[in-house]
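# Tertiary structure, described
Below, each chain spelled out in residue letters.
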Amino acid sequence: MLTRVDGRRAVVAFKAQLTTLSGAVGVMWASLGVNAVLGGALFRYGVVPRTITGLRGIVFAPFIHANVAHLAANTVPFALLGWLVMLSGRRRFLRVTLAAMLGSGLMAWLLGASGSVHIGASGVIFGYLGYLMLTGVFTRNFWSIALSVGVTALWGGLVFGVMPGQAGISWQAHFGGFVAGVLAARALRGR
């Protein structure tokens with residue numbers, strides 16, 4: 001039974017989660033508007049493979065999207081999977097997010113085609129997916145296992161996005177993010 005104090009704590013936690021996720025999504029949408037006004041000038045802040053300046057994309061690329069359709073396709077899975085990661089705490093969410101950004105950005109930087117620019121939050125989304133699919137395996141906690149099974153059943157098919165396929169889709173970022181998410185699940189299992 002929840003007490004009144006527990007109920008307040010849950011509401012405060014939910015508001016913090018909502019603020020964090022809506023803030024990140026808000027930055028993505030604001031960046032899209034700024035980029036449109038600037039005629040695409042923000043694209044240069046994406047991951048540009050094997051260039052020194054392209055490394056800054058590890059931090060900036062997840063917030064930059066090509067167009068409304070690209071960002072709309074990333075908004076719902078980012079918010080939903082991000083919220084599921086955040087259920088285990090904002091600190092863990094931050095660690096998984098940073099790992100996914102680093103993994104997806106580095107893999108795009110290492111394996112991407114010369115002269116290409118990798119942008120978008122999908123690498124981070126794949127990081128969340130990898131984390132959520134395998135956190136139950138590493139923690140061996142009933143609720144984590146249930147979450148892993150549920151996420152795998154609902155979104156497991158997305159894993160095929162880590163393989164080369166469709167032109168214009170950064171499978172490298174997807175792969176790097178997914179691997180980073182799995183490694184984060186393993187590293188954070190005892191915390």
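Everything below is about the structure printed above this text.
The following refers to the structure shown. Small disclaimer: the values here were computed from a predicted structure and weren't measured.

## Structural notes on the overall build of the protein
Helix and strand content of the protein: seven helices and zero strands. The secondary structure elements of the protein, listed N-terminal to C-terminal, are α-α-α-α-α-α-α. Relative to the globule expectation of 16 Å for 191 residues, the C-alpha radius of gyration of the protein, 17 Å, shows essentially globular dimensions. Principal-axis analysis of the C-alpha atoms places the extent of the protein at approximately 55 × 35 × 25 Å. Within the protein, the fraction of its 191 residues that count as buried is 42%. Taking the contacts inside the protein whose residues are at least 6 apart along the sequence as the reference set, 76% of them involve residues at least 24 apart. About 10,300 Å² of surface is accessible on the protein, with carbon and sulfur atoms providing 71% of the total.

## Looking at the packing of helix α5 (residues 122-139) against helix α7 (residues 171-187)
Between α5 and α7, whose axes approach to 6 Å, the crossing angle comes to 35°. The interaxial crossing formed by α5 with α7 has right-handed handedness. Contacts between α5 and α7 involve S122, G123, F126, G127, L129, G130, Y131, M133, L134, T135 and F138 from the former and A173, H174, G177, F178, G181, V182, A184, A185 and R186 from the latter. Considered class by class, the residues forming the contact of α5 with α7 number 11 nonpolar, eight polar and one charged.

## Describing the packing of aromatic side chains
In this structure the tally under the stated criterion is four aromatic pairs. Both rings, one in F93 and one in Y128, keep their centres 5.7 Å apart while their planes meet at 35°; by these two values the pair is tilted. You can see F93 sitting in helix α4 (residues 90-111) and its partner Y128 sitting in helix α5, a full 35 residues away along the chain. Between the aromatic rings of F142 and W143, the centroid separation amounts to 4.9 Å while the plane-to-plane angle is 75°, which identifies the pairing as edge-to-face. Per residue, the accessibility class of F142 equals that of W143, and both read exposed.

## Quick look at the nonpolar core
In this structure, F78, Y128 and Y131 are the most contacted members of the largest nonpolar core, which totals 31 residues. Elements with a contribution of two residues or more to this core: α1 (4-37), α3 (68-86), α4, α5 and α7. Residues contacting Y128, with those up to four places away along its chain left out, are F78, L81, G82, V85, F93, V96 and T97.

## Some points on the side chain of S104
In this fold, S104 is placed in helix α4. A distance of 2.8 Å separates a polar side-chain atom of S104 from the backbone oxygen of A100. Polar contacts involving the side chain of S104 include one to the main-chain carbonyl oxygen of M101, which spans 3.3 Å. Ignoring sequence-local partners within four residues, the contact set of S104 consists of G123, V124, Q172, A173, G176 and G177.

## Considering α3
Over its 19 residues, α3 runs 26 Å from end to end, which matches the ideal 27 Å to within 8%, given 1.5 Å per residue. Of the positions making up α3, those classed as buried are L71, N74, T75, F78, L81, G82, L84, V85 and M86. The N-capping residue of α3, defined by a side-chain oxygen 3.2 Å from the backbone nitrogen of A69, is N67.

## Some details on the environment of L147
Examined against the element boundaries, L147 turns out to sit in helix α6 (residues 142-155). What L147 contacts, discounting residues up to four positions off in sequence, is L84 and L132.

## A short note on a nonpolar patch on the surface
A cluster of nonpolar residues, L102, L106, L110 and L111, forms a patch on the protein surface that exposes about 340 Å² of accessible area. Counting through the fold element by element, L111 comes out in helix α4. Classification of L111 by relative accessible area gives partly exposed; the value is 43%.

Calculation notes
- Residues numbered from 1 in each chain as written.
- Predicted model: local features only at pLDDT ≥ 70, side-chain atom pairs only at ≥ 80, totals over all residues.
- Heavy atoms only, no water.
- Helix = DSSP H or I, 4+ residues; strand = E, 2+ residues; numbered from the N terminus.
- Rg over C-alpha atoms; globule rule 2.2 N^0.38 Å.
- Buried < 20%, exposed > 50% of the residue type's maximum accessible area, 1.4 Å probe, protein only.
- Contact = heavy atoms within 4.5 Å.
- Areas by Shrake-Rupley, 256 points an atom, 1.4 Å probe, with all protein chains shown as cover.
- Axes fitted to C-alpha atoms, helices over the stretch in contact; angles between N-to-C directions.
- Left-handed = near helix turned anticlockwise from the far one by under 90°.
- Nonpolar A, V, L, I, M, F, W, Y, C, P; charged D, E, K, R; others polar.
- Phe/Tyr/Trp six-rings, centres within 6.5 Å; stacked < 30°, edge-to-face > 60°.
- Core = buried A, V, L, I, M, F, W, Y, C linked by side-chain atoms within 4.5 Å.
- Polar contact = N/O pair within 3.5 Å; in protein donor to acceptor, adjacent residues only side chain to side chain.
- Expected span 1.5 Å × (residues − 1).
- Patch = residues over 30% accessible without salt bridge, like charges linked within 9 Å, V, L, I, M, F, W, Y side chains within 5 Å.
- Salt bridge = Lys/Arg side-chain N within 4 Å of Asp/Glu carboxyl O.

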